[in-house]
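Spelled out, the chains give:
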Amino acid sequence: HEGSSTMSEVTIELKTAPRDRRFPTQNQTKHCWARYLEFHACAKAKGQDDPECDKFKRWYISLCPIEWVEKWDTLKEEGRFPGPE
């Protein structure tokens, strides 16, 4: 005899950065780099909590390996980041 149990469905929506025609190949390294830079430029201009900047952060997080982001964040903190400030 099986007890009655109700299974509820959970829908998970996965999102990533939208397609960018500047980066047409499967290798998304440049796309990752561009979104990381776009976020930091936006955050510098509008503040990190601005909703416009949030999309760039979501996009670079979905594109970039976490090891890269951690390294770039460390370099930024140390004043040695090779990209624009």
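For the structure itself, look to the data block above.
Please read all numbers here as calculations on a predicted model, not as lab measurements.

Conventions used here
- Residues numbered from 1 in each chain as written.
- Predicted model: local features only at pLDDT ≥ 70, side-chain atom pairs only at ≥ 80, totals over all residues.
- Heavy atoms only, no water.
- Core = buried A, V, L, I, M, F, W, Y, C linked by side-chain atoms within 4.5 Å.
- Buried < 20%, exposed > 50% of the residue type's maximum accessible area, 1.4 Å probe, protein only.
- Helix = DSSP H or I, 4+ residues; strand = E, 2+ residues; numbered from the N terminus.
- Contact = heavy atoms within 4.5 Å.
- Salt bridge = Lys/Arg side-chain N within 4 Å of Asp/Glu carboxyl O.
- Axes fitted to C-alpha atoms, helices over the stretch in contact; angles between N-to-C directions.
- Parallel < 35°, antiparallel > 145°, perpendicular 65-115°, else oblique.
- Left-handed = near helix turned anticlockwise from the far one by under 90°.
- Nonpolar A, V, L, I, M, F, W, Y, C, P; charged D, E, K, R; others polar.

The subject of this paragraph is the nonpolar core. If you look at the biggest cluster of nonpolar residues, it comprises 16 residues, and the most contacted ones within it are Tyr36, Phe39, Tyr60, Cys64 and Trp72. Of all the elements in the fold, those that place two or more residues in this core are α1 (29–46), α2 (51–63) and α3 (66–78). If we skip the residues at most four places from it in the chain, Cys64 touches Cys32, Val69 and Trp72.

Turning to the pattern of salt bridges, a few remarks are in order. Any two side chains of opposite charge can pair if their charged atoms end up close together. Scanning the model with the defined rule gives four salt bridges in all. The salt bridge partner of Lys55 is Glu52, with a shortest N-O separation of 3.0 Å. Of the two residues, Lys55 and Glu52 both sit in helix α2, three residues apart, roughly one turn of that helix. A residue is classified by how much of its surface remains accessible, and Glu52, at 34% relative accessible area, is partly exposed. The shortest N-O distance in the salt bridge between Glu78 and Arg80 comes to 2.6 Å. We classify Arg80 as exposed; its relative accessible area is 52%.

Another point: the packing of α1 against α3. Relative orientation of the contacting elements α1 and α3 amounts to 40°, with a least axis distance of 12 Å. Taken together, the axis directions place α1 and α3 in an arrangement best described as oblique. α3 is crossed by α1, and the crossing has right-handed handedness. Residues Thr29, Cys32, Trp33, Tyr36 and His40 of α1 touch α3, and the partners they reach there are Trp68, Val69, Trp72, Asp73 and Lys76. Partitioning the contact of α1 with α3 into residue classes produces six nonpolar, two polar and two charged.

To continue, consider the packing of α1 against α2. Between α1 and α2, the shortest axis-to-axis distance is 8 Å and the interhelical angle comes to 155°. Taken together, the axes of α1 and α2 lie roughly antiparallel to each other. Where α1 crosses over α2, the two elements pack in a sense that is left-handed. From α1, His31, Cys32, Arg35, Tyr36, Glu38, Phe39, Cys42, Ala43 and Lys46 reach across to α2, where they touch Glu52, Cys53, Phe56, Lys57, Trp59, Tyr60 and Leu63. Of the residues contributing to the contact of α1 with α2, the split by class is ten nonpolar, one polar and five charged.

Geometry only, nothing functional implied.
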